[in-house]
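# Structure at a glance
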Amino acid sequence: MRLAKFLASAGVASRRAAEELVRAGRVAVGGVPVTDPAHSVGESDAVTVDGAPARPERERVVYALNKPAGVLSTARDTHGRPTVVSLIDAAVRLYPVGRLDADTTGLILLTNDGQLAHRLTHPSFRVPKTYRALLARPPVREAALRALRAGVALEDGPTAPARVSRVSADTIELTITEGRKRQVRRMCEAVGHPVRQLERVKFGTLSLGALKPGQYRRLSEAAVERLSAAAPAARRGARSSSRAPRR
Ligand code: URA
(Lines give C-alpha, C1' and ligand atoms only; values in the text may rest on other atoms or scores of the structure.)
Protein backbone atom coordinates (compact mmCIF):
# COMPACT_ATOMS: atom_id res chain seq x y z
CA MET A 1 0.00 0.00 0.00
CA ARG A 2 1.09 3.59 -0.49
CA LEU A 3 3.01 5.08 2.42
CA ALA A 4 0.51 7.94 2.87
CA LYS A 5 -2.38 5.47 3.01
CA PHE A 6 -0.46 3.33 5.52
CA LEU A 7 -0.02 6.37 7.77
CA ALA A 8 -3.68 7.35 7.43
CA SER A 9 -4.83 3.82 8.33
CA ALA A 10 -2.51 3.93 11.35
CA GLY A 11 -4.46 6.99 12.50
CA VAL A 12 -1.39 9.24 12.26
CA ALA A 13 -3.06 11.90 10.09
CA SER A 14 -5.49 12.34 7.21
CA ARG A 15 -4.24 11.08 3.85
CA ARG A 16 -3.43 14.62 2.68
CA ALA A 17 -1.64 15.56 5.94
CA ALA A 18 0.26 12.24 5.81
CA GLU A 19 1.55 13.14 2.34
CA GLU A 20 2.87 16.42 3.77
CA LEU A 21 4.57 14.58 6.65
CA VAL A 22 6.31 12.30 4.18
CA ARG A 23 7.39 15.17 1.90
CA ALA A 24 8.74 17.00 4.96
CA GLY A 25 11.15 14.09 5.54
CA ARG A 26 9.63 13.12 8.91
CA VAL A 27 8.82 9.52 7.90
CA ALA A 28 11.22 6.58 7.72
CA VAL A 29 10.72 3.02 6.48
CA GLY A 30 13.07 0.45 8.00
CA GLY A 31 15.10 3.32 9.45
CA VAL A 32 15.62 4.99 6.04
CA PRO A 33 13.91 8.38 5.46
CA VAL A 34 11.42 8.30 2.58
CA THR A 35 10.00 11.45 0.96
CA ASP A 36 7.74 9.87 -1.67
CA PRO A 37 4.13 9.50 -0.35
CA ALA A 38 3.52 6.83 -3.04
CA HIS A 39 6.39 4.67 -1.76
CA SER A 40 5.08 1.13 -1.40
CA VAL A 41 5.01 -0.46 2.09
CA GLY A 42 3.64 -3.71 3.52
CA GLU A 43 2.01 -4.44 6.90
CA SER A 44 5.27 -5.82 8.28
CA ASP A 45 7.38 -2.74 7.36
CA ALA A 46 8.72 -0.76 10.33
CA VAL A 47 7.42 2.73 9.64
CA THR A 48 8.22 5.64 11.95
CA VAL A 49 7.08 9.26 12.14
CA ASP A 50 9.57 11.50 13.90
CA GLY A 51 11.10 8.27 15.21
CA ALA A 52 7.82 6.93 16.72
CA PRO A 53 6.43 3.63 15.29
CA ALA A 54 3.20 3.78 13.26
CA ARG A 55 1.12 0.66 12.61
CA PRO A 56 -2.04 0.33 10.54
CA GLU A 57 -5.10 -0.53 12.59
CA ARG A 58 -6.39 -3.97 11.80
CA GLU A 59 -10.08 -4.56 11.59
CA ARG A 60 -11.16 -7.17 14.13
CA VAL A 61 -13.01 -10.08 12.61
CA VAL A 62 -14.69 -12.98 14.37
CA TYR A 63 -16.32 -15.94 12.63
CA ALA A 64 -18.56 -18.63 14.06
CA LEU A 65 -18.17 -22.00 12.33
CA ASN A 66 -20.01 -25.27 12.76
CA LYS A 67 -17.02 -27.60 12.77
CA PRO A 68 -17.69 -30.89 10.98
CA ALA A 69 -16.30 -34.15 12.42
CA GLY A 70 -12.80 -35.00 11.21
CA VAL A 71 -11.71 -31.38 10.80
CA LEU A 72 -8.84 -30.24 13.01
CA SER A 73 -9.13 -27.08 15.05
CA THR A 74 -5.48 -26.09 14.67
CA ALA A 75 -4.42 -23.24 12.37
CA ARG A 76 -2.63 -25.67 10.04
CA ASP A 77 -1.77 -29.33 9.85
CA THR A 78 1.58 -30.72 8.74
CA HIS A 79 -0.17 -33.76 7.21
CA GLY A 80 -2.43 -31.64 5.01
CA ARG A 81 -5.64 -32.62 6.81
CA PRO A 82 -8.51 -30.10 6.69
CA THR A 83 -8.49 -27.48 9.42
CA VAL A 84 -11.16 -25.07 10.63
CA VAL A 85 -9.10 -22.20 9.20
CA SER A 86 -9.10 -23.78 5.73
CA LEU A 87 -12.93 -23.84 5.74
CA ILE A 88 -13.23 -20.05 5.98
CA ASP A 89 -12.69 -17.73 3.08
CA ALA A 90 -11.35 -14.63 4.85
CA ALA A 91 -9.04 -11.84 3.78
CA VAL A 92 -7.12 -11.89 7.09
CA ARG A 93 -5.18 -14.58 8.92
CA LEU A 94 -7.46 -16.31 11.41
CA TYR A 95 -6.77 -18.37 14.50
CA PRO A 96 -9.14 -20.78 16.23
CA VAL A 97 -10.39 -19.67 19.66
CA GLY A 98 -9.45 -22.76 21.69
CA ARG A 99 -9.91 -26.25 20.34
CA LEU A 100 -12.38 -29.01 19.82
CA ASP A 101 -11.34 -32.65 19.42
CA ALA A 102 -11.23 -33.81 15.80
CA ASP A 103 -14.35 -35.92 16.37
CA THR A 104 -16.28 -33.16 18.20
CA THR A 105 -18.63 -31.09 16.05
CA GLY A 106 -20.27 -27.72 16.59
CA LEU A 107 -19.51 -24.15 17.44
CA ILE A 108 -15.96 -22.90 17.15
CA LEU A 109 -14.90 -19.28 16.85
CA LEU A 110 -12.05 -17.94 14.75
CA THR A 111 -10.56 -14.48 14.99
CA ASN A 112 -7.55 -12.32 14.15
CA ASP A 113 -7.73 -10.74 17.65
CA GLY A 114 -5.31 -12.60 19.92
CA GLN A 115 -6.40 -10.71 23.05
CA LEU A 116 -10.03 -11.59 22.55
CA ALA A 117 -9.09 -15.23 21.94
CA HIS A 118 -7.11 -15.23 25.18
CA ARG A 119 -9.99 -13.78 27.19
CA LEU A 120 -12.47 -16.24 25.76
CA THR A 121 -10.32 -19.29 26.46
CA HIS A 122 -8.28 -18.61 29.59
CA PRO A 123 -9.91 -20.54 32.49
CA SER A 124 -9.72 -17.54 34.82
CA PHE A 125 -12.40 -15.76 32.76
CA ARG A 126 -14.74 -18.72 33.23
CA VAL A 127 -16.56 -18.28 29.93
CA PRO A 128 -19.25 -21.00 29.86
CA LYS A 129 -19.30 -23.50 27.01
CA THR A 130 -22.25 -25.81 26.51
CA TYR A 131 -22.00 -29.27 24.97
CA ARG A 132 -24.65 -31.73 23.93
CA ALA A 133 -23.41 -35.27 24.49
CA LEU A 134 -24.89 -38.54 23.28
CA LEU A 135 -23.87 -41.10 25.88
CA ALA A 136 -23.35 -44.86 25.91
CA ARG A 137 -25.04 -47.14 28.45
CA PRO A 138 -28.36 -45.35 28.82
CA PRO A 139 -30.42 -44.49 30.68
CA VAL A 140 -28.43 -41.73 32.32
CA ARG A 141 -29.59 -41.71 35.91
CA GLU A 142 -29.95 -38.86 38.36
CA ALA A 143 -26.89 -40.06 40.34
CA ALA A 144 -24.65 -39.58 37.28
CA LEU A 145 -26.06 -36.10 36.65
CA ARG A 146 -25.50 -35.18 40.30
CA ALA A 147 -21.88 -36.38 40.12
CA LEU A 148 -21.23 -34.33 36.97
CA ARG A 149 -22.80 -31.26 38.61
CA ALA A 150 -20.76 -31.60 41.78
CA GLY A 151 -17.41 -32.16 40.04
CA VAL A 152 -15.67 -35.32 38.97
CA ALA A 153 -12.23 -36.56 40.10
CA LEU A 154 -10.05 -36.69 36.98
CA GLU A 155 -6.38 -37.58 36.86
CA ASP A 156 -5.51 -33.86 36.53
CA GLY A 157 -7.70 -32.92 39.50
CA PRO A 158 -11.40 -32.48 40.29
CA THR A 159 -13.57 -30.60 37.81
CA ALA A 160 -15.40 -27.44 38.84
CA PRO A 161 -19.17 -27.66 39.34
CA ALA A 162 -21.00 -27.92 36.01
CA ARG A 163 -24.55 -27.21 34.87
CA VAL A 164 -26.08 -30.42 33.59
CA SER A 165 -29.51 -31.25 32.24
CA ARG A 166 -30.94 -34.44 30.74
CA VAL A 167 -32.34 -34.02 27.24
CA SER A 168 -33.40 -37.65 26.85
CA ALA A 169 -32.47 -41.08 28.25
CA ASP A 170 -29.11 -41.04 26.43
CA THR A 171 -28.42 -37.33 25.84
CA ILE A 172 -27.34 -34.59 28.21
CA GLU A 173 -26.40 -30.93 27.98
CA LEU A 174 -23.46 -29.91 30.05
CA THR A 175 -22.00 -26.45 30.64
CA ILE A 176 -18.43 -26.09 31.85
CA THR A 177 -16.23 -23.07 32.40
CA GLU A 178 -12.87 -24.84 32.35
CA GLY A 179 -11.10 -26.01 29.23
CA ARG A 180 -9.11 -29.11 29.93
CA LYS A 181 -8.10 -31.60 27.30
CA ARG A 182 -11.02 -33.91 26.38
CA GLN A 183 -12.72 -32.74 29.54
CA VAL A 184 -16.33 -33.58 28.71
CA ARG A 185 -15.40 -36.99 27.38
CA ARG A 186 -13.38 -37.77 30.50
CA MET A 187 -16.10 -36.48 32.85
CA CYS A 188 -18.81 -38.59 31.25
CA GLU A 189 -16.58 -41.65 31.12
CA ALA A 190 -15.83 -41.17 34.83
CA VAL A 191 -19.55 -41.43 35.68
CA GLY A 192 -19.97 -44.58 33.61
CA HIS A 193 -21.23 -43.14 30.32
CA PRO A 194 -18.60 -42.88 27.57
CA VAL A 195 -19.42 -40.18 24.99
CA ARG A 196 -20.59 -41.46 21.61
CA GLN A 197 -21.09 -38.06 20.00
CA LEU A 198 -20.18 -34.59 21.19
CA GLU A 199 -21.34 -31.26 19.83
CA ARG A 200 -20.66 -27.78 21.21
CA VAL A 201 -23.91 -25.82 21.03
CA LYS A 202 -22.99 -22.62 22.86
CA PHE A 203 -19.90 -20.54 23.53
CA GLY A 204 -20.40 -17.69 26.01
CA THR A 205 -23.35 -15.67 24.74
CA LEU A 206 -23.28 -17.22 21.29
CA SER A 207 -25.39 -20.20 20.17
CA LEU A 208 -24.69 -22.51 17.26
CA GLY A 209 -28.17 -21.71 15.94
CA ALA A 210 -29.01 -22.84 12.41
CA LEU A 211 -25.44 -23.19 11.12
CA LYS A 212 -25.05 -26.53 9.34
CA PRO A 213 -21.76 -28.48 9.58
CA GLY A 214 -19.16 -26.63 7.48
CA GLN A 215 -21.19 -23.39 7.43
CA TYR A 216 -19.90 -20.22 9.02
CA ARG A 217 -20.86 -16.60 9.49
CA ARG A 218 -19.06 -13.44 10.43
CA LEU A 219 -20.25 -11.95 13.72
CA SER A 220 -21.50 -8.38 13.86
CA GLU A 221 -19.56 -5.96 16.06
CA ALA A 222 -22.52 -5.98 18.50
CA ALA A 223 -22.35 -9.78 18.78
CA VAL A 224 -18.57 -9.56 19.35
CA GLU A 225 -19.15 -7.00 22.10
CA ARG A 226 -21.68 -9.28 23.80
CA LEU A 227 -19.25 -12.18 23.60
CA SER A 228 -16.44 -10.09 24.97
CA ALA A 229 -18.62 -9.01 27.89
CA ALA A 230 -18.94 -12.70 28.82
CA ALA A 231 -15.31 -12.42 29.98
CA PRO A 232 -15.70 -9.22 31.98
CA ALA A 233 -12.89 -6.97 33.14
CA ALA A 234 -13.38 -8.04 36.76
CA ARG A 235 -11.97 -11.42 35.88
CA ARG A 236 -8.93 -10.09 34.12
CA GLY A 237 -6.69 -11.13 36.99
CA ALA A 238 -5.20 -13.75 34.73
CA ARG A 239 -1.55 -13.52 33.86
CA SER A 240 -1.27 -12.67 30.21
CA SER A 241 -0.01 -15.55 28.14
CA SER A 242 0.63 -15.77 24.44
CA ARG A 243 -0.51 -19.40 24.40
CA ALA A 244 -4.21 -19.84 24.91
CA PRO A 245 -5.38 -23.05 26.57
CA ARG A 246 -7.17 -25.64 24.51
CA ARG A 247 -10.81 -24.67 24.80
N1 URA B 1 -14.59 -31.65 25.82
C2 URA B 1 -14.15 -32.74 25.15
O3 URA B 1 -14.00 -33.81 25.72
N4 URA B 1 -13.89 -32.60 23.84
C5 URA B 1 -14.06 -31.45 23.16
O6 URA B 1 -13.81 -31.40 21.95
C7 URA B 1 -14.53 -30.33 23.88
C8 URA B 1 -14.79 -30.46 25.22
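Since the model is a prediction, treat every value here as computed from it, not as a measurement.

Further remarks concern unusual backbone geometry. Both trends apply: most residues other than glycine have a negative phi, and most peptide bonds are in trans. A cis amide bond, omega 0 degrees, links proline 138 with the succeeding residue proline 139. Along the polypeptide, proline 139 turns up in the loop between strand S8 (129–135) and helix H4 (142–150). In this model, aspartate 50 sits at a positive phi of 50 degrees, which is unusual for a non-glycine residue. By the secondary structure assignment, aspartate 50 is in the loop between strand S3 (47–49) and strand S4 (52–54). Notably, arginine 182 is not glycine yet its phi reads approximately 50 degrees, a positive angle.

On to the packing of aromatic side chains. This model, assessed by the stated rule, comprises one aromatic pair. Cation over ring: lysine 129 sits above phenylalanine 203, and NZ or CZ is 5.6 Å from the ring centre.

Residues at a pLDDT of 70 or more form 94% of the chain, whose mean pLDDT is 90. Below a pLDDT of 50 lies the segment residues 236–245, which in the model reaches 15 contacts outside its immediate sequence neighbourhood of four places, other chains included.

Extensive coverage of S8 is indicated by the burial of six of its seven residues. Note: S8 against strand S12 (residues 171–176), six bridges, orientation antiparallel. Note that in S12 the partner of alanine 133 across the bridge is isoleucine 172. Examined bridge by bridge, S8 and strand S13 (residues 195–203) share seven bridges and lie antiparallel to one another. Looking across to S13, one finds that arginine 132 is bridged to glutamate 199.

Where charged atoms of side chains with opposite charge meet at close range, the side chains can pair. Across all of its chains, the model carries 16 salt bridges by this definition. Across the pair arginine 185 and aspartate 103 runs a salt bridge whose closest N-O atoms are separated by 3.4 Å. Residue arginine 185 is found in helix H5 (residues 183–190), and its partner aspartate 103 is found in the loop between strand S6 (95–96) and strand S7 (105–111); the two are separated by 82 residues along the sequence. Note on aspartate 103: relative accessible area 42%, which makes it partly exposed. Put simply, aspartate 156 and arginine 180 hold a salt bridge, and the shortest N to O gap is 2.9 Å. Pair noted here: aspartate 156 is in the loop between strand S9 (153–154) and strand S10 (157–158) and arginine 180 is in the loop between S12 and H5, with a separation of 24 residues, a long-range link. Here arginine 180 falls in the buried class, since its relative accessible area comes to 16%. One network of salt bridges, in which partners are shared, links Arg60, Asp113, Glu221 and Glu225.

Procedures and definitions
- Residues numbered from 1 in each chain as written.
- Predicted model: local features only at pLDDT ≥ 70, side-chain atom pairs only at ≥ 80, totals over all residues.
- Heavy atoms only, no water.
- Helix = DSSP H or I, 4+ residues; strand = E, 2+ residues; numbered from the N terminus.
- Phe/Tyr/Trp six-rings, centres within 6.5 Å; stacked < 30°, edge-to-face > 60°.
- Lys NZ or Arg CZ within 6 Å of the ring centre and 35° of its normal.
- pLDDT = per-residue confidence, 0-100.
- Contact = heavy atoms within 4.5 Å.
- Buried < 20%, exposed > 50% of the residue type's maximum accessible area, 1.4 Å probe, protein only.
- Pairing = 2+ DSSP bridges.
- Salt bridge = Lys/Arg side-chain N within 4 Å of Asp/Glu carboxyl O.

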